[in-house]
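Single-letter residue listing:
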Amino acid sequence: MPTLSANGIRIAFDTAGDAKSTPVLLLHGLGMQLTNWPDEFVDGLVELGFYVIRFDNRDSGLSTKFDRAGKPNPVWSWIKHALAARLGLPFKPPYGLDDMAEDALGVLSALGIARAHLVGVSMGGMVAQILAARHPQRVLSLTAIMSSSGRRGLPGPTPSARHALLSRPADTRDVEALIDHAVAVQQAIGSPAYPTPEKQLRRRAARSLRRCYCPAGVTRQMLAITGAADRSALLHTIAAPTLVIHGARDPLVPLACAEDLAAQVPGARLEVIEGMGHDLPAQLNERMLALIDAHARGKMAFDSTPRLFVKQ
């Protein structure tokens with residue numbers, strides 16, 4: 001797997017398609033690796049004529065780990081952040097989403113790409129928002145999937161989704177226990193109307209574990225999310241055409257978060273998919289590709305309302 005140097009760290013990356021085609025930078029979510037992008041999704045973008053760039057976020061995959069920042073306990077870290085927020089005290093994570101946005105910018109620069117379409121999922125969507133706002137000259141369009149504006153007061157995860165996210169494997173030394181835990185988390189936050197077979201989830205989990213297992217990195221990324229500043233003012237400055245895609249049944253990032261995001265970015269459009277949760281189910285692959293392709297090419301037709309509901 002090739003790596004590059006950007007923003008003071010090493011970042012593992014991969015590309016697909018013709019380098020002369022229009023570039024699309026994919027930014028993944030909490031704890032995800034570049035290999036977690038579905039192959040059929042990447043292949044579909046290439047078939048549509050895009051040059052696809054994926055990379056491992058800091059603290060995940062084969063990119064630089066920030067173990068020198070310590071190994072925080074996820075539950076205790078969540079409690080400390082909640083207390084700090086309630087008392088109005090500062091909360092300083094090891095790094096922030098702004099740092100991760102600079103990582104993404106560094107990937108583009110290292111590959112000699114002047115401008116790219118951004119497609120960000122969950123945390124990746126938050127990072128993409130910052131990149132689009134801070135470096136508008138580098139962004140052709142922004143697509144934020146199952147993401148949030150980060151505005152204070154928005155609803156958080158459901159109790160079951162929060163429990164799944166903060167839970168730990170029964171035995172961190174046992175591979176099967178780690179796979180069981182990863183599958184349970186995905187089932188807790190996945191799409192109710194588009195379930196992924198357990199056998200497939202287990203294969204994906206095993207593949208990810210063989211490549212990298214860094215639970216402390218996941219917690220540090222989580223702290224970057226929870227410790228992030230309200231992006232409301234920043235979102236108002238985004239000039240790139242913006243599409244927000246969200247599942248109506250997302251238990252981790254409720255629909256209200258996407259509605260607020262679309263409302264704050266000038267000219268943004270919201271596509272709500274009924275029955276979709278917090279994942280990229282294979283059943284929605286063609287729909288996702290069609291939305292991204294139309295948006296990137298400026299051919300998306302919306303009705304006169306700010307929200308477009310799509311029933312599968």
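Here the structure is a predicted model, which is why all the values come from computation and not from measurement.

J.: Residues and numbers for the pattern of salt bridges, please.
T.: The final tally for this structure, using the stated rule, is 13 salt bridges. Taking the shortest distance from any N to any O, the salt bridge between D67 and R220 comes out at 2.9 Å. A residue pair is termed long-range when its members are at least 10 positions apart, and D67 in the loop between β4 (50–55) and α2 (74–87) and R220 in helix α8 (residues 215–226) qualify at 153 residues. The class for R220 is buried, based on a relative accessible area of 0%. One salt bridge connects E198 with R202, and the closest N-O pair in it is separated by 4.0 Å. With a gap of four residues between them, E198 and R202 both fall in helix α7 (residues 198–211), about one helical turn apart. Taking relative accessible area as the criterion, R202 reaches 22% and is therefore assigned partly exposed. Through salt bridges with shared partners, a single network forms among E176, D180, E198 and R202.

J.: I'd love a proper account of the side chain of H117, names of residues and values included.
T.: Mapped onto the fold, H117 is located in strand β5 (residues 116–121). A polar atom in the side chain of H117 sits 2.7 Å from the side chain of S141. With sequence-adjacent residues up to four places away left out, H117 is seen in contact with T22, P23, V24, L25, F50, L140, S141 and A296.

J.: Go over the packing of helix α6 (residues 175–189) against α7 with me, naming the residues and quoting the values.
T.: Angle between the axes and distance between the axes are the two parameters that describe a pair of packed helices. It is the contact of α6 with α7, at a shortest axis distance of 9 Å, that shows an interaxial angle of 125 degrees. The orientation of α6 with respect to α7, classified from their angle, is oblique. Like other packed secondary-structure pairs, α6 and α7 cross with a definite hand, here right-handed. Across from V175, E176, L178, I179, D180, A182, V183, Q186 and Q187 in α6, the residues of α7 making contact are E198, L201, R202, A205, A206 and L209. Tallied by class, residues from the contact of α6 with α7 come to nine nonpolar, two polar and four charged.

J.: Can you explain the packing of aromatic side chains? Please cite residues and give values.
T.: Tallying each qualifying case throughout the model produces two aromatic pairs. Where W37 meets F41, the ring centres are 5.6 Å apart and the plane angle is 15 degrees; that geometry is what we call stacked. Cation over ring: R58 sits above Y95, and NZ or CZ is 5.0 Å from the ring centre.

J.: I'd like to hear about the packing of helix α3 (residues 97–110) against helix α4 (residues 123–134), residue by residue, with values.
T.: Their axes nearest at 8 Å, the elements α3 and α4 cross at an angle of 75 degrees. For the element pair α3 / α4, the angle class is roughly perpendicular. Two secondary-structure elements touch here, α3 through L97, D98, M100, A101, A104 and L105 and α4 through M123, M126, V127, I130, L131 and R134. For the contact of α3 with α4, the residue count by class is 10 nonpolar, no polar and two charged.

J.: Pulling in residues and values, what's your account of the nonpolar core?
T.: Formed by 48 residues in total, the largest nonpolar core has its most connected members in L25, L27, F55, L97, L118 and I238. The biggest single contributor to this core is α4, with eight residues. The contact partners of L118, leaving out residues within four places of it in the chain, are L25, L27, A128, L131, A132, V139, S141, L142 and T143. Counting 25 residues, the second-largest nonpolar core is a separate cluster that includes F50, V121, Y194 and L280.

J.: An account of the environment of Q187 is needed here, citing residue identities and associated values.
T.: With respect to the helices, strands and loops of the structure, Q187 is situated in helix α6. Among the residues examined, Q187 registers a relative accessible area of 46% and is labelled partly exposed. Expressed as a C-alpha distance, the spacing of Q187 and A164, which sit 23 residues apart in the sequence, is 9.3 Å. Setting aside chain neighbours within four positions, we find Q187 in contact with E198 and L201.

J.: Mind laying out the pairing of β5, listing which residues take part and the relevant values?
T.: Of all six residues in β5, six are buried; the element is thus mostly enclosed. Burial along β5 is two-sided: the residues A116, L118 and G120 and H117, V119 and V121 are all buried. Here strand β3 (residues 22–27) runs beside β5; their pairing, made up of four bridges, is parallel. The partner of L27 across the bridge, within β5, is G120. As for the winding sense of the linkage, the β-α-β connection from β5 through α4 to strand β6 (residues 139–145) is right-handed.

J.: So what's going on with α3? Which residues, and what values?
T.: For α3, which comprises 14 residues, the first-to-last C-alpha distance of 20 Å matches the rise-based estimate of 20 Å (1.5 Å per residue) to within 8%. With its phi angle positive at about 70 degrees, G112 sits one or two positions after the end of α3.

J.: Any details on the confidence of the model for the protein chain? Residues and values, ideally.
T.: Per-residue pLDDT for the protein chain has a mean of 91; in total, 89% of the residues score no lower than 70. Segment residues 301–312 is flagged for pLDDT under 50; beyond a separation of four residues in sequence, or across chains, it makes 27 contacts in the model.

Reading the values: rules and limits
Residues numbered from 1 in each chain as written. Predicted model: local features only at pLDDT ≥ 70, side-chain atom pairs only at ≥ 80, totals over all residues. Heavy atoms only, no water. Salt bridge = Lys/Arg side-chain N within 4 Å of Asp/Glu carboxyl O. Helix = DSSP H or I, 4+ residues; strand = E, 2+ residues; numbered from the N terminus. Buried < 20%, exposed > 50% of the residue type's maximum accessible area, 1.4 Å probe, protein only. Polar contact = N/O pair within 3.5 Å; in protein donor to acceptor, adjacent residues only side chain to side chain. Contact = heavy atoms within 4.5 Å. Axes fitted to C-alpha atoms, helices over the stretch in contact; angles between N-to-C directions. Parallel < 35°, antiparallel > 145°, perpendicular 65-115°, else oblique. Left-handed = near helix turned anticlockwise from the far one by under 90°. Nonpolar A, V, L, I, M, F, W, Y, C, P; charged D, E, K, R; others polar. Phe/Tyr/Trp six-rings, centres within 6.5 Å; stacked < 30°, edge-to-face > 60°. Lys NZ or Arg CZ within 6 Å of the ring centre and 35° of its normal. Core = buried A, V, L, I, M, F, W, Y, C linked by side-chain atoms within 4.5 Å. Pairing = 2+ DSSP bridges. Right-handed = clockwise from strand over helix to strand, strands pointing away. Expected span 1.5 Å × (residues − 1). pLDDT = per-residue confidence, 0-100.

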